[in-house]
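# Geometric and topological summary
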Amino acid sequence: MPHSRNIVDPEKFNPDAQLPYALRVLDFQAAMQDIYDLFYDLNGLLLDRGLQRLDELLRPAAMSGIISDLLTASLAQHARSLTTNQYFNGHPDLVVAGVYPNDTVKAGSEGVEVKSTRKAGGAVDTHGARDQWMCVFVYRVDNRTEPVRDRSPMAFTEVYLAHVTVDDFRRNPRSTLGTRTATLHREGIKKLRGNWVYKL
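To keep things clear, this report deals only with the structure shown in the data block. (Residues numbered from 1 in each chain as written. Predicted model: local features only at pLDDT ≥ 70, side-chain atom pairs only at ≥ 80, totals over all residues. Heavy atoms only, no water.)

### Structural notes on the overall build of the chain
Put simply, the test is: Segments assigned H or I by DSSP are reported as helices when at least four residues long, segments assigned E as strands when at least two residues long, and all are numbered from the N terminus. For this measure, only C-alpha atoms enter the radius of gyration; the expected value for a globule follows 2.2 Å times N^0.38, where N is the number of residues.
A count of helical and extended segments in the chain gives four helices and nine strands. Along the chain direction, N to C, the helices and strands of the chain fall in the order α-α-α-β-β-β-β-β-β-β-β-α-β. A compact globule built from 200 residues would reach a C-alpha radius of gyration of about 16 Å, and the chain, at 17 Å, matches this within 12%. Oriented by its inertia axes, the alpha-carbon framework of the chain measures out at about 45 × 40 × 35 Å.

Here it is in structure tokens:
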């Protein structure tokens, strides 16, 4: 069906997931649906003008970054105690409202870092190992179905949220540009996956 809209399935959430900072499953459901609705609206406009969907236009890294930013903003709208970190590129993405002056902190400990990836299982690179609540949204993009107009919309397939520590990471070799990243090692990933929030 050309240009269909995704609907979040409430039955796919884990009722036993441990959620910090008064977060609710409903907050995740609402945020994910916000992204689905936005993609539906934007892709409709693009297709009406004979252009490609965002799913085809954006490079994978750019799309992951945009989805992470959109999820952060939407979760901040729905969550009862969290708000967007006003520090540009500050950590974490969501901070507990009122803890930091003007809800602005370069590197804080009270809040949730939000990531998105196409990698099943939720393994993502971070800019550094640290103690943090990490939330990873895994999504899929249909870039194979032909004709293109029949492709399925972007869909979230997994959501994980866990408190990880510096010891849960392995340091990655420095890239040619000198950027040092860190990724959860096997036990760290096991900890993250142990507290799944959503699985399609």
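### Topic: the side chain of Thr157
Put simply, the test is: Whether a residue is buried, partly exposed or exposed follows from its accessible area with a 1.4 Å probe, protein chains only, as a fraction of its type maximum: under 20%, in between, or over 50%, in that order.
The topology assignment puts Thr157 in strand β6 (residues 155–164). A residue is classified by how much of its surface remains accessible, and Thr157, at 13% relative accessible area, is buried.

### A word on the environment of Val141
Formally: The criterion used for residue contact is that any of the two residues' heavy atoms lie within 4.5 Å.
The residue Val141 is located in the loop between β5 (132–140) and β6 in this model. For the pair Val141 and Pro15, spaced 126 residues apart in sequence, the C-alpha separation works out to 27 Å. Excluding residues that lie within four positions of it along the chain, Val141 makes contacts with Asp55, Met63, Arg118 and Met154.

### Comments concerning helix α1 (residues 25–48)
For clarity, the cut-off: One less than the residue count of a helix, multiplied by 1.5 Å, gives the span that helix is expected to have.
A rise of 1.5 Å per residue sets the reference length of α1, with its 24 residues, at 34 Å; its end C-alpha atoms lie 35 Å apart and thus fit the reference within 8%. Among the residues of α1, Asp27, Phe28, Ala31, Met32, Gln33, Ile35, Tyr36, Phe39, Asn43, Gly44 and Leu46 are the ones counted as buried. Where the residues of α1 are buried, they touch α2 (54–57), α3 (60–78), β5, β6 and β9 (196–199). The first or second residue beyond α1 is Gly50, which carries a positive phi of 75°.

### Side note on the pairing of β6
Put simply, the test is: Pairing between two strands requires that DSSP report at least two bridges joining them.
A large share of β6 lies buried, amounting to nine of its 10 residues. Pairing of β5 with β6, which is carried by nine bridges, proceeds in the antiparallel orientation. Each residue of the ladder has a partner; that of Val136, found in β6, is Tyr160. Bridge count for β6 against β9 is three bridges, and the pairing is antiparallel. When the sheet's bridge partners are listed, Val159 is paired in β9 with Tyr198.

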